[in-house]
Amino acid sequence: MAAAILVIVCTAIARYAEPLGDTDLWWQMAYGRQLLENRTLVPDHSAFSWMPASNESIYCAWLIEIGLYLTYKSAGLSPFFIIRYIALLIPVVLAVVLARRHDVHRHPLVWLLIIMGLFASTPARHVKPEMASLIFTWLAVLVWMLIRTQRLQHPLWCYSLPLLMVIWVNSHGGFIFGCILYLFIGVGEAANLFVCRKCALPGRTAKHLATSLVLSIAAICITPYGLAYPLRLIRKVSAGGRMDFERVSAYASIFDSSAASFHYVDYMIVVAVVLIILIVNRMRHREVDVAVILLNVVFGLIYTKFLRSTYFWGAVFTLTAIPMIAKGPRWLQPVTTARRTVLGGIVILMMAGFGGRAVYGHWTKPTLGSWMGYGIGYLNPVSEADFIAENYPGTRLGNDYNSGAYLLWRLWPQNEVFIDSRSFPYLEWYPEYVTLDQKGGPAKIAEKYPAEIWCLSYQRTIAIEYFRRSSDWHAAFYGPTAAVFVHRDIVKDRSTRHADAVADIKNPHQAEWASRFALNIRDLSGAKKILAGMKKRFTASTHRGRLRRVESQVNGTIAYYDRDYEAALKWFGNQSESTEQYRVRCYQYLTDQAWKAEDMHGALAMAAAAVDVDSNNAECLYNLGILQWLPHRQTTAENTPATTDFIKGPGDTSEAWSQTLKRFLNVSKNNPRIKSEFRNAARKIIDGRFDGEATLIVPPQPRRIQVD
């Protein structure tokens with residue numbers, strides 16, 4: 001038992017040592033602040049955005065929202081990390097309470113199920129109203145199990161269920177799953193009266209339980225919205241909530257590839273095997289407990305359906321299995337020291353294996369914007385919001401979905417947001433927002449909705465690229481999370497600043513995104529700081545590939561702007577799209593250097609290498625064609641056969657130059673950067689009429705950039 005407790009404690013502390021990552025916390029606290037300031041329990045959804053926002057939706061979580069805000073106001077963010085651990089500890093304590101009532105708290109299987117229930121509860125680890133649904137689900141199932149096993153003998157305990165529902169319905173929309181729980185408890189207990197009298201509740205208790213479940217239906221109407229709230233939720237669920245399901249990753253199935261790192265399928269298999277063994281054993285004793293089977297089937301299916309709903313089954317399978325363990329098959333009862341040692345050892349190894357894998361994955365492959373440690377996660381633009389507050393208060397703010405919640409909390413009322421992760425106030429125009437991630441979409445949105453500043457998370461690659469290239473916008477600032485673009489009409493200066501925090505980005509994905517943006521805007525000093533921070537922090541073997549990639553990009557780009565093209569090419573290696581333009585330019589400049597040094601073999605090799613990188617680059621095709629043609633021109637003038645030694649290199653055939661120049665003419669047809677004199681020269685060479693001096697196309701050398 002001590003070993004099992006140690007594994008669970010160590011696993012929980014390490015696995016859930018993570019920052020405040022979910023963006024919902026910020027608008028939930030903003031609602032709590034608004035409710036207290038306005039002395040109401042009904043929030044105004046439209047108050048935080050300058051875009052059209054509807055108050056039609058009902059969102060009732062005022063108990064938790066006010067609690068979160070008051071906690072922050074009194075002690076800051078630190079208590080939230082303690083709250084997370086307490087919320088995840090409560091299910092463990094409740095499971096132990098039930099196990100002690102059945103005298104199986106030392107049984108290894110109990111602790112295996114507890115750690116499985118803990119892992120199933122991972123989606124509810126975020127500090128927000130969803131934690132209430134986690135706790136209330138465990139409490140409701142525990143009360144039911146204590147009542148049905150007569151550990152709470154007085155039938156009045158049944159009425160704790162509607163009281164619990166009153167609090168639940170005012171805390172989080174997950175109460176709808178509580179309704180499903182209550183419904184199938186009632187159906188299962190009623191079925192037991194006909195299928196398994198041995199499993200059925202005593203008559204008096206059954207009546208009180210039935211009455212309490214009916215009262216629970218009335219309890220869901222005790223909110224500031226009355227009956228309208230549950231009716232609206234039912235309509236939303238029956239309609240499918242398609243937009244939420246398609247947009248939010250938490251609505252993906254546990255079988256989705258995006259959920260592989262959570263290993264929910266593995267936990268499901270382990271739990272299913274244990275439950276089947278226990279249920280079959282009870283069936284052999286003529287105990288077909290319909291209520292237990294029904295709840296596990298229903299919530300097992302819900303577990304597979306949505307990532308964000310796995311914790312409901314965690315409560316059901318853990319607490320319904322504990323009484324069955326007490327009556328489990330003899331071979332599962334550790335009655336002897338040898339059997340206890342073997343069974344305990346197997347279970348501890350399984351727990352340590354699952355726990356170690358979860359912790360290692362959290363350290364080496366953290367989820368988006370997270371890391372092993374504490375703080376505010378990178379979905380929230382902390383440094384970026386500070387920059388806006390300090391330099392551009394009162395401006396019209398454009399932003400993406402993820403960054404909006406923190407911006408709303410930090411900047412309102414000085415700045416109103418464009419959109420945020422609530423989404424439901426913006427259903428009318430949300431389809432337009434989606435085009436921000438589509439080609440041509442950012443330009444249309446920027447024109448139709450004239451914001452003065454745009455704060456965009458690095459994941460919005462298409463939008464960031466549009467604003468970076470647009471002459472109307474200036475990249476004024478970037479931090480670990482996002483880039484801030486300011487319209488040219490209000491920009492204070494043309495410099496680009498970066499947050500001090502970029503030197504210590506704790507998430508490898510985020511660090512790579514930030515370094516890529518720094519390189520794209522040619523802030524080489526910032527990119528170098530990011531790389532230095534990555535080298536210090538990311539030391540696991542799983543980080544090596546990413547670290548090498550970023551190192552080659554940063555050092556290669558620095559060498560390029562120092563005009564050390566050979567060193568740049570060595571750093572870039574054979575990377576594809578991310579460095580293609582740089583590598584082509586390096587080969588062009590090296591071609592020109594060899595040409596000027598009259599090293600025709602070297603020039604031809606460099607020109608051919610440039611075409612290998614980008615076969616549709618008109619400049620490179622022209623240079624290669626000229627270098628292939630020059631030996632042909634010389635031998636023709638001297639009336640002697642071409643010397644193959646002179647043109648030895650890639651593509652050195654007597655007709656190669658003609659094919660290359662024809663391809664150049666085809667590719668450059670609509671290219672305004674190619675001067676007509678080069679196209680005319682290519683045509684004359686092909687026709688045998690060229691009598692001038694051949695030259696190459698060489699782009700201007702890059703401006704040298706000082707790197708701190």
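## Notes on helix α23 (residues 544-561)
Point 1. Along its 18 residues, α23 runs 26 Å from first to last C-alpha, staying within 8% of the 26 Å computed at 1.5 Å per residue.
Point 2. Of all 18 residues in α23, 14 are buried; the element is thus mostly enclosed.
Point 3. Looking one or two places after α23, you find Arg563, whose phi comes out positive at around 65°.

## Some words on unusual backbone geometry
Point 1. A cis geometry characterises the amide bond from Trp412 onward to Pro413, with omega recorded as 10°.
Point 2. Secondary-structure assignment places Pro413 in the loop between α17 (401-411) and α18 (430-434).
Point 3. The phi torsion at Asp103 lies on the positive side, around 60°, for a residue other than glycine.
Point 4. Here Asp103 lies in the loop between α4 (78-101) and α5 (108-120).

## Comments concerning the nonpolar core
Point 1. Formed by 134 residues in total, the largest nonpolar core has its most connected members in Phe418, Trp454, Tyr478, Phe485, Phe517, Tyr622 and Phe664.
Point 2. Val110, Leu118, Leu275 and Phe317 belong to the second largest nonpolar core, which has 99 residues in total.

## A look at the sheet that holds strand β3 (residues 473-478)
Point 1. An order of β1-β2-β4-β3-β5 is seen for the five strands of this open sheet, with the pairing classed as mixed. Edge positions in the sheet fall to β1 (397-399) and β5 (497-498), since each has one partner strand and no second.
Point 2. Across five bridges, β3 lies against strand β4 (residues 482-487) in antiparallel orientation. Within β4, the position partnered with His474 by the bridge is Val486.
Point 3. Against the sheet, α17 touches β1 and β2 (453-457), its axis set at about 145° to β1.

## Some details on the pairing of β3
Point 1. Among the six residues of β3, six are classified as buried, and the element is accordingly described as predominantly covered.
Point 2. The turn joining β3 and β4, which pair antiparallel and follow one another in sequence, is formed by three residues.
Point 3. Of the pairings in the sheet, the one linking β3 to β5 comprises two bridges and is parallel in character. Of the residues in β5, the one forming a bridge with Phe477 is Arg497.

How each quantity is defined
- Residues numbered from 1 in each chain as written.
- Predicted model: local features only at pLDDT ≥ 70, side-chain atom pairs only at ≥ 80, totals over all residues.
- Heavy atoms only, no water.
- Helix = DSSP H or I, 4+ residues; strand = E, 2+ residues; numbered from the N terminus.
- Expected span 1.5 Å × (residues − 1).
- Buried < 20%, exposed > 50% of the residue type's maximum accessible area, 1.4 Å probe, protein only.
- Core = buried A, V, L, I, M, F, W, Y, C linked by side-chain atoms within 4.5 Å.
- Pairing = 2+ DSSP bridges.
- Contact = heavy atoms within 4.5 Å.
- Axes fitted to C-alpha atoms, helices over the stretch in contact; angles between N-to-C directions.

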